[in-house]
Protein chains: 2
Amino acid sequence: MKVALAQLNYHIGNFEANTAKIISAIAEAKTRGADLVVFAELAVCGYSPLDLLENDEFIRACDEAVAEIAGHCEGIAAIVGAPQKNASAGAKGLYNVAYFLADGAIRSVTRKALLPTYDVFDENRYFESNALLQTLDYQGTRIALTICEDLWNLDDPSLYPSTPMDTLVLEQPDILINIAASPFSYRHDEDRRRVLSANAIKYKRPLFYLNHVGAQTEIIFDGGSLVFDGTGRLKAEMAYFSEDIQIFDTECIASAEAIGGQQLNDIAQIHEALVLGIRDYFNKSGFSTAVLGLSGGIDSAVVCALACEALGSENVLAVLMPSNFSSEHSIKDALDLVAAAGCKHEIVGIAPAAAAFDSMLANAFSGLPFNLTEENIQARCRGIVLMAMANKFGHILLNTSNKSECAVGYGTLYGDMCGALSVIGDVYKTQVFALARYLNREQCIIPENTIVKPPSAELRPDQKDSDSLPDYALLDQVLYQHIEGKMGQEALIAAGFEAELVHRVLALVNRAEFKRHQAPPILRVSPKAFGSGRRMPIVAKYSV
Amino acid sequence: MKVALAQLNYHIGNFEANTAKIISAIAEAKTRGADLVVFAELAVCGYSPLDLLENDEFIRACDEAVAEIAGHCEGIAAIVGAPQKNASAGAKGLYNVAYFLADGAIRSVTRKALLPTYDVFDENRYFESNALLQTLDYQGTRIALTICEDLWNLDDPSLYPSTPMDTLVLEQPDILINIAASPFSYRHDEDRRRVLSANAIKYKRPLFYLNHVGAQTEIIFDGGSLVFDGTGRLKAEMAYFSEDIQIFDTECIASAEAIGGQQLNDIAQIHEALVLGIRDYFNKSGFSTAVLGLSGGIDSAVVCALACEALGSENVLAVLMPSNFSSEHSIKDALDLVAAAGCKHEIVGIAPAAAAFDSMLANAFSGLPFNLTEENIQARCRGIVLMAMANKFGHILLNTSNKSECAVGYGTLYGDMCGALSVIGDVYKTQVFALARYLNREQCIIPENTIVKPPSAELRPDQKDSDSLPDYALLDQVLYQHIEGKMGQEALIAAGFEAELVHRVLALVNRAEFKRHQAPPILRVSPKAFGSGRRMPIVAKYSV
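Within any chain, residue numbers begin from 1 and follow the written order of that chain's sequence. Chains and ligands are labelled sequentially in the order written, the chains with letters from A and the ligands with numbers from 1. Under the rules for a predicted model, residues below a pLDDT of 70 receive no local features and side-chain atom pairs below 80 are neither given nor counted, while totals for whole chains, interfaces and linings still include all residues.

It is worth spelling out the overall build of chain A at this point. Counting from the N terminus, the helices are the DSSP runs of H or I reaching at least four residues and the strands are the DSSP runs of E reaching at least two. When helices and strands are counted, chain A shows 18 helices and 19 strands. Note that the radius of gyration is over C-alpha atoms, with the globule rule given as 2.2 Å times the number of residues to the power 0.38. A compact globule built from 544 residues would reach a C-alpha radius of gyration of about 24 Å, and chain A, at 26 Å, matches this within 12%. Taking the principal axes of the C-alpha coordinates as reference, chain A spans close to 85 × 50 × 50 Å. The contact rule is simple: place each C-beta atom from the backbone, and if two of them lie within 7 Å, those residues are in contact. Look at the contacts in chain A between residues 6 or more apart in sequence, and 73% of them connect residues 24 or more apart.

Put into structure tokens, the structure is as follows:
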């Protein structure tokens, strides 16, 4: 049997576009001789529609899309992911299902058994679990069809009580198909190959794995759909970070040559993911032009270069906003970047606004010294200028804060924390440096001086980040073990970090929760990003 | 048997304070002759600790707190809620449990069966479900102990496959005890009485229900612990919105006089809840003074009056920030309120800052007319002034946006949407008027002119809210049916709202998702508040 894997980029709730894309892929697969074409988990509505699933009309729109798609399945069958109402009397829940469509109609429905409810996943909020999976037969091939997580309890058997594949394989399927919505992190490609290969080995069947591609605000899907033979060897790997339709003959998988699979390093993957994340945010929200503040520092330089790559440099406006504390080299470094990246720029000094606030507040602040308040006023004046540019010209403001700053609260709410989308809020400062070097791999875009000078917010004379924070090389290690590694203070100290440092850093992380609560959505590239995957109380007395 | 219900206000993660409070209540209950004292669900750590539960050291701190509390249970038993590790080999999950403590030690553990995973609840994210509940015996009394949701499937049998009480009651308990963490909404007191009474009737046993009291950032617990006899009649009702410890003799419940229970109207309940919500946010975050912007309009007037009540008027600073478009009466109305409420005030005109931005942006905006951009600049200048006051003096900025504005995006991000806590972001504009009247019930605090004048943002000459929005009386109806009622556009039109109005309002609600994502936490008083209870994709093409 010839199986087409259609790895597509959907838009949440955009039924018209998603349905048209699916129907077009069915036609293409048919033209190319496929017997069956496979689409991703919740393909008709995009992943994840979240609480839109609670609206009856949204589910009806899904049903209608499936019916329309089924009408195009003549001479070819299709597997399409969608939500489905539990039709039992008195029930009002949903299933997360894979429709099997053939001969112009729905032939069968496979319901997801294991519902991930951790990190960014909330499937138990929306779906009921299905206790029993059954194989389906098509053109003499018996297919064990599962949905994403259903294959993942091999990775951590403690997560779920049941192992749906163990019973499913008793029905002697010929092939395994898994449709997924498996978000990117720079670790995920290896995990995925390992877990899927282990399934093929355990169940001794070839496995066809089909993933989403594209970004849904903060969640990025990297594609990378895979085919394994019945001994767990990788036989095909589809495009990463772009749409792809490929056709495989089930008879030829065993004899195909084994391949190694993607070996991109973390930084290269993060680069691809962020470019796609920016591009899809603009495409899907209907905007085409970006504005950002360019300080001469490394964070905004990297975001500017990524935006130029994602949107075209002609669609990026960099705004330089020097203050009385900005150094000469900052303007020069920023202009060097503008020249190298080829984007537009404006220079708007903030001194007049800062002075206006000083005079307006002179009475109330009479006799009190310059402190963090005045530093914040400068950052917030920049926020106003950037938002004014965005409002006046219909640009989207990109935020340029990095993960280290987000973690410890080293940023001004309503100031440098402004923006519709945080591009590098899941990238630690030390990774930002590596990303800058990577962006310069073919030609110098990020000025060398931007990379080598000591980081500074330039909000008071001779300020350096290291005045307030531990060196990033050390800080990022503590943060990584705490956030990604979920290590508490005792564990961190036992691991060799100094107690004083640990207490200081964890107290900062805890105290910054109220700021992160109002941060823009952050493109997720790590296994544990700030945002919907990490839910912390705001007013808690605890810094573990 | 004499049962003490200890309805207390906990602080998430504050083990020292929570443990001390529990131990002190044990001593008090013992002094007052109780045999058993009952504390709430997850009492030792507060509800809900969210992802703090994923940290081993946090769970260890819970274990240590329980051990310490057990040491104080001599001559009295206690029921205390806490998380507990699943100790089975290979398991790494948690249970949400009620410890039964007596004779200085843990006597037994009751695990929660039904785990709410909807609206603000995420219990499936953290806990494993317990399949089998068992009664426990103490001093000749057989107790059927359950945790919160375990009694709620009577209300909606479709939600859960199992009915834990149905098996538990086969063991012939003498009394039912339910420990809860049941968040306030202005509908919840009636729902709670109905559901709990139905349990007492169905199982023919007296029921002791113990709830949390106090606010954890946006989630407010109203207390109102209840006692029913075995025929479902309400026999006792504890304080609302404050701590309370009461002792009941199980032998005397049947013969006690039946009572009606709280009959406060919605607005009176909302008033109580918001005052508690403000007070606890400050108490638990270690701040004591608030700042807010006072426009002369009704929203900021109501928030100011609530803050004065919650914190003491001497701890509230109202900042009047007139612009070139502010009317004479706005200043007068604001000053009238300041005089009536007795709070401090400052007047900081924003014209100099607005003019500075105009000149700074003159080049970039050359030839373009005044529009929303300049309106937003004014709102954002006010945000800077307020945050400067908060930063300089250590105040917390209270946000004054109402739910109608939040819903349709009629507010400026980083402008009037600033603040650490949104006080009335779950109160529709029409309810804000009712709240103002309620606040004036004994003496006039909110000036009459503030209540009767047409709402205006005063960001351009002669601006009125009704220029941009439908009348609030109509808008709020559509919003309520859409948000609380989960009605989509077809349902709303079928219910009699004009199609054009419905499309316009729902498109606004959908488009404002990116703003709400960056809004402050909102005190939850309705059955469906913006925030963690309503999770929507940001870039979706759907306005149902």
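This paragraph deals with the sheet that holds strand 12 (residues 226-228) of chain B. For sheets, the rule is that strands pair by backbone hydrogen bonds, running either parallel or antiparallel. Residue and element names in this part refer to chain B. The strand order across the open sheet formed by 6 strands is 6-7-8-9-12-13, and the pairing between neighbours is mixed. Every other strand in the sheet has two partners, leaving strand 6 (136-138) and strand 13 (234-237) as the edge strands with one partner each. Ignoring which end each strand starts from, the neighbouring axes of this sheet average 25 degrees apart. Only the stretch in contact is used when a helix axis is fitted, and all axes are lines through C-alpha atoms; the angle between N-to-C directions ranges over 0 to 180 degrees. Against the sheet, helix 5 (residues 188-203) contacts strand 8 (175-179), strand 9 (207-210), strand 12 and strand 13, and its axis sits at roughly 30 degrees relative to strand 12. Between any two strands, pairing holds if DSSP finds at least two bridges.

Glancing now at the sheet that holds strand 3 (residues 77-85) of chain A. Residue and element names in this part refer to chain A. Reading across from one edge, 5-4-3-2-1-14 is the order of the 6 strands in this open sheet, with mixed pairing throughout. Taken across any chain shown, the strands that pair with only one partner, and hence form the sheet edges, are strand 5 (105-111) and strand 14 (244-249). Neighbour-to-neighbour, the strand axes of this sheet turn through a mean angle of 30 degrees, independent of strand direction. Note that strand 1 (residues 2-7) and strand 2 (residues 36-38) share 3 bridges and pair parallel. Counterpart to Ala-4 in the pairing with strand 2 is Val-37. On top of the sheet, helix 1 (residues 15-31) reaches strand 1, strand 2, strand 3 and strand 14; it is set at about 40 degrees to strand 14, its chief contact. Where helix 2 (residues 56-70) meets the sheet, it contacts strand 3, strand 4 (94-102) and strand 5, and its direction lies at approximately 165 degrees from that of strand 3.

Residues and elements named next belong to chain B. One fewer than the residue count of a helix, multiplied by 1.5 Å, yields its expected span. Across its 17 residues, helix 1 (residues 15-31) extends 24 Å between first and last C-alpha, which sits within 8% of the 24 Å expected from 1.5 Å per residue. For helix 1, the complete set of buried residues consists of Phe-15, Asn-18, Thr-19, Ile-22, Ala-25, Ile-26 and Ala-29. Buried residues of helix 1, seen end-on, are gathered within an arc of 125 degrees and therefore sit on one face of the element. Away from its buried face by more than 90 degrees, helix 1 exposes Glu-16, Ala-20 and Thr-31. Packed against the buried residues of helix 1 are strand 1 (2-7), strand 2 (36-38), helix 2 (56-70), strand 3 (77-85) and strand 14 (244-249). Gly-33 occupies a position one or two residues after helix 1 and carries a positive phi of about 90 degrees. Exposure criterion: with C-beta atoms placed from backbone coordinates, a residue whose C-beta has 20 or more other C-beta atoms within 10 Å is buried, one with 12 or fewer is exposed, and one in between is partly exposed. Starting at the helix axis, one direction is taken to each C-beta atom, and the arc is that of these directions.

Here the focus is the pairing of strand 11 (residues 219-222) of chain A. Along any regular strand, the residues point their side chains to alternate faces of the sheet. All names here are of chain A. Every second residue of strand 11 is oriented toward a common face, with Ile-219 and Phe-221 on one face and Ile-220 and Asp-222 on the other, all of them buried. In this structure, strand 10 (residues 213-216) lies alongside strand 11, joined through 4 bridges in antiparallel fashion. Across the sheet, residue Gln-216 finds its bridge partner in strand 11, namely Ile-219. Between the end of strand 10 and the start of strand 11, which pair antiparallel, lie 2 residues, with Thr-217 showing a positive phi angle near 55 degrees.

Within soluble globular proteins, side chains that are nonpolar generally end up buried alongside one another. Grouped together as the largest cluster of nonpolar side chains are 380 residues, with contacts concentrated most on A:Val38, A:Cys304, B:Val38 and B:Cys304. Ignoring anything within four residues of it in the chain, the contact list for A:Cys304 reads A:Leu292, A:Leu294, A:Val316, A:Ala318, A:Leu337, A:Ala341 and A:Cys343. Each nonpolar core reported here comprises buried Ala, Val, Leu, Ile, Met, Phe, Trp, Tyr and Cys residues connected via C-beta atoms within 7 Å.

The score called pLDDT rates the predictor's confidence residue by residue, from a low of 0 to a high of 100. Per-chain confidence: chain A averages 95 in pLDDT, with 99% of residues scoring 70 or above. Both confidence scores are given for the complex: pTM 0.97, ipTM 0.96.

The next subject is the packing of helix 1 of chain B against helix 2 of chain B. Residues and elements named next belong to chain B. It is the contact of helix 1 with helix 2, at a shortest axis distance of 10 Å, that shows an interaxial angle of 25 degrees. In this view, helix 1 runs roughly parallel relative to helix 2, as classed from their interaxial angle. Judged by the twist between their axes, the crossing of helix 1 over helix 2 is right-handed. Contacts from Phe-15, Thr-19, Ile-22 and Ile-23 in helix 1 reach Ala-61, Ala-65, Glu-68 and Ile-69 in helix 2. For this classification, Asp, Glu, Lys and Arg are treated as charged, while Ala, Val, Leu, Ile, Met, Phe, Trp, Tyr, Cys and Pro are nonpolar and the rest, including Gly, are polar. For the contact of helix 1 with helix 2, the class distribution of residues is 6 nonpolar, 1 polar and 1 charged. The labels follow the angle: roughly parallel below 35 degrees, roughly antiparallel above 145, roughly perpendicular from 65 to 115, and oblique for the rest. Two helices cross in a left-handed way if the nearer one is turned anticlockwise from the farther one by less than a right angle. They cross in a right-handed way if the turn is clockwise.

For the pair chain A and chain B, the relating rotation is 180 degrees, the translation along its axis is 0.0 Å, and the fit reaches an RMSD of 0.0 Å. Look at the turn and shift together and you get a two-fold axis relating the two. Every residue of chain A has its C-alpha some distance from the rotation axis, and the shortest such distance is that of A:Gln518, at 2.1 Å. Both copies contact each other with a shared surface, as 100% of the interface residues of chain A are interface residues in chain B too. Here the copies are superposed with least squares, the fitted atoms being C-alpha atoms of residues at a pLDDT of at least 70 in both.

This next bit is on unusual backbone geometry. Cis peptide bonds are those with omega within 30 degrees of zero, and the linkage from A:Tyr47 to A:Ser48 qualifies with -5 degrees. Take A:Ser48: it is sitting in the loop between strand 2 and helix 2. Phi angles above zero are rare outside glycine, and B:Glu458 is one such case at about 50 degrees. Within the secondary structure, B:Glu458 sits in the loop between helix 13 (448-452) and helix 14 (465-468). Although it is not a glycine, B:Lys486 adopts a positive phi angle of roughly 55 degrees. Among the structural elements, B:Lys486 can be located in the loop between helix 15 (472-483) and helix 16 (489-494).

Listed per partner, the contact involves 76 residues of chain A and 76 residues of chain B. In terms of residue count, the dominant contributor to the side of chain A that touches chain B is helix 10 (residues 372-393) of chain A (13 residues). Among the residues making up the side of chain A that touches chain B, the classes are represented as 40 nonpolar, 21 polar and 15 charged.

The next thing to look at is helix 12 (residues 429-439) of chain B. Three or more residues of helix 12 of chain B are buried, namely B:Lys429, B:Thr430, B:Gln431, B:Val432, B:Leu435, B:Ala436 and B:Leu439. Buried residues along helix 12 of chain B sit against helix 6 (266-285), helix 7 (298-311), helix 11 (403-408), helix 13 and helix 15 of chain B.

Attention now goes to the domain arrangement of chain A. Residue and element names in this part refer to chain A. Annotation of chain A at the domain level lists domain 1 (2-263) and domain 2 (270-465). Taken residue by residue, the interface counts 10 residues in domain 1 and 8 residues in domain 2. When contributions to the side of domain 1 that touches domain 2 are tallied by element, the ones reaching two or more residues are strand 10 and strand 11. The residue inventory of the side of domain 1 that touches domain 2, partitioned by class, reads 6 nonpolar, 3 polar and 1 charged. A domain assignment, automatic or from a database, supplies the domain bounds used here.

Bringing the environment of A:Ile219 into the picture now. Residues and elements named next belong to chain A. Position of Ile-219 among the secondary structure elements: in strand 11. Under the C-beta neighbour-count criterion, Ile-219 is labelled buried, with 25 such atoms within 10 Å. Taking C-alpha positions, Ile-219 is 9.9 Å from Gly-533, a pair spaced 314 residues apart along the chain. Those residues in contact with Ile-219 that sit more than four places away from it in its chain are Val-120, Pro-183 and Arg-524.

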